[in-house]
Amino acid sequence: MSSSALADLCHCPIVQAPMAGGASRPELVAAVSEAGGLGFLAAGYKTADGMYQEIQQVRGLTGRPFGVNLFMPQPEYADPAAVEVYRNQLAGEATWYQTPLGDPDSGRDDGYDAKLAILVDDPVPLVSFTFGCPTVEVIDALRRVGTLTVVTVTTAAEAKAAEAVGADAVCVQGIEAGGHQGTHRDCAETDGSGVGLLALIAQVREAVQMPVVAAGGIMRGAQIAAVLAAGADLAQLGTAFLVTPESGAPDLHKQAMTDPLFTRTELTRAFSGRPARGLVNRFLREHGPYAPAAYPEVHHMTSPIRKAAAKAGDPQAMALWAGQGHRLARELPAGQLVEVLAAELAEAQGALGQRGAA
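Worth saying up front: this structure is predicted, and the values here are computed from it rather than measured. (Residues numbered from 1 in each chain as written. Predicted model: local features only at pLDDT ≥ 70, side-chain atom pairs only at ≥ 80, totals over all residues. Heavy atoms only, no water.)

*Asks:* What's the story with the layout of surface pockets in this structure? I'm lost.
*Replies:* To locate leftover empty space, one rolls a probe as large as a water molecule over the atoms. By volume, the second largest pocket amounts to about 480 Å³. Forming the walls of the second largest pocket are 27 residues, and the residues nearest its centre are T183, T190, D191, G192 and P275. In terms of residues, the lining of the second largest pocket owes the most to one element, strand β10 (residues 265–268), which gives three residues. Partitioned by chemical class, the residues of the lining of the second largest pocket number eight nonpolar, 13 polar and six charged. (1 Å grid on protein atoms, 1.4 Å probe; cavity = no way out; pocket = protein on both sides within 12 Å on 5 of 7 lines; lining within 4 Å. Points joined across faces, edges and corners; volume = space filled by probe spheres on them. Helix = DSSP H or I, 4+ residues; strand = E, 2+ residues; numbered from the N terminus. Nonpolar A, V, L, I, M, F, W, Y, C, P; charged D, E, K, R; others polar.)

What follows is the structure in structure tokens.
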């Protein structure tokens, strides 16, 4: 696919990241697309029917292109004994928040096949994949109905795998990104070895001939200019849109982005069993060092605790996903944020042009 096919989906090179868990609700997706960016629904943790209903809601709010993100089914490689040890460790949390722990065996495929069937039957402009690489058959089925495909990658090797199955583009996710790292295989031995976004763009650019969407810590137009100069075609922002009024994230989560109480982020397995970047709170500090490589088992197990903490107004046991640029969050309406970012981008590119001409 040429870069122009991807760029044709939006007026400005700004993508709103698909944030599973409720943040990327239809109102946010539509507002971003209406403002000239590319909005993205997150199908993760939803039923197939829930995804379909949200697609219909977006279509009712905008006629502009938008995308849908799918979680790949996960292989069974978690150690049941390690999961049981972690369950015992969380017993005190369950008692404190007066809620039973969730069933770790609640499902591994996130309704993948049913969601794909809907997206083939009733196509959207763009579908992206996280936590793995789809098959050639899946890519071909979506291409036949006119849907472009993007695979999230965290290494050059993963980008090569995406190119091999015929994906149209890759979303290159740097270590700075908030939320889950979209690694294709979750391997505890590689924890902490992720690559920064600018270095990763260069590595992927040399490894494959595909359009690149850059993600990780981007909060300002000047950063968008930087990743475009480094070889990206579009920039994807999550944390920047998390705090907008249209975002479905809990108010406690939005407030925490700039709360002086939360000074830094870390990658942790504490909440889901997969590495994900969030604000350091009590739960992360106490349980992060002991959480096993067990996704989605740990995600299912801690879900009731996270919900109970949010209901109790306690951010110390919530998964406060955030990128490294979280302190730069601006509480602007989503459409206005796209406009501000586009203006900052134009200014930064103008300044770069002047320096180059000097």
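*Asks:* So what exactly am I meant to see when it comes to unusual backbone geometry here?
*Replies:* Where the residue is not glycine, phi is negative for most of them; where a peptide bond is considered, it is trans in most cases. That bond from Y295 to P296 is cis: its omega, 10°, falls within 30 degrees of zero. Among the secondary structure elements, P296 is positioned in the loop between α13 (282–287) and α14 (297–311). The backbone of Y45 shows a phi angle near 70°, a positive value even though the residue is not glycine. Secondary-structure assignment places Y45 in the loop between β2 (39–42) and α3 (48–61).

*Asks:* I tried to follow the packing of helix α8 (residues 156–164) against helix α9 (residues 197–207) on my own but got confused; where do I start?
*Replies:* Packed helix pairs are characterised by how far apart their axes lie and by the angle those axes make with each other. One can describe the packing of α8 onto α9 by two numbers: an axis separation of 9 Å at closest approach and a directional angle of 40°. In terms of their interaxial angle, α8 and α9 are classed as oblique. Judged by the sense of rotation from one axis to the other, the crossing of α8 with α9 is right-handed. Contacts from A156, A159, K160 and E163 of α8 reach α9 at L200, Q203, V204 and A207. Taken together, the residues of the contact of α8 with α9 break down into five nonpolar, one polar and two charged. (Axes fitted to C-alpha atoms, helices over the stretch in contact; angles between N-to-C directions. Parallel < 35°, antiparallel > 145°, perpendicular 65-115°, else oblique. Left-handed = near helix turned anticlockwise from the far one by under 90°. Contact = heavy atoms within 4.5 Å.)

*Asks:* So what exactly am I meant to see when it comes to the pairing of strand β6 (residues 169–173) here?
*Replies:* Side chains on a regular strand alternate between the two faces of the sheet. Burial of β6 is extensive: five of the five residues sit out of reach of the surface. Here β6 shows a buried face lined by A169, C171 and Q173 and a second buried face lined by V170 and V172. Two elements, strand β5 (residues 148–153) and β6, share four bridges in a ladder whose sense is parallel. Within β6, the position partnered with T152 by the bridge is C171. As for the winding sense of the linkage, the β-α-β connection from β5 through α8 to β6 is right-handed. (Buried < 20%, exposed > 50% of the residue type's maximum accessible area, 1.4 Å probe, protein only. Pairing = 2+ DSSP bridges. Right-handed = clockwise from strand over helix to strand, strands pointing away.)

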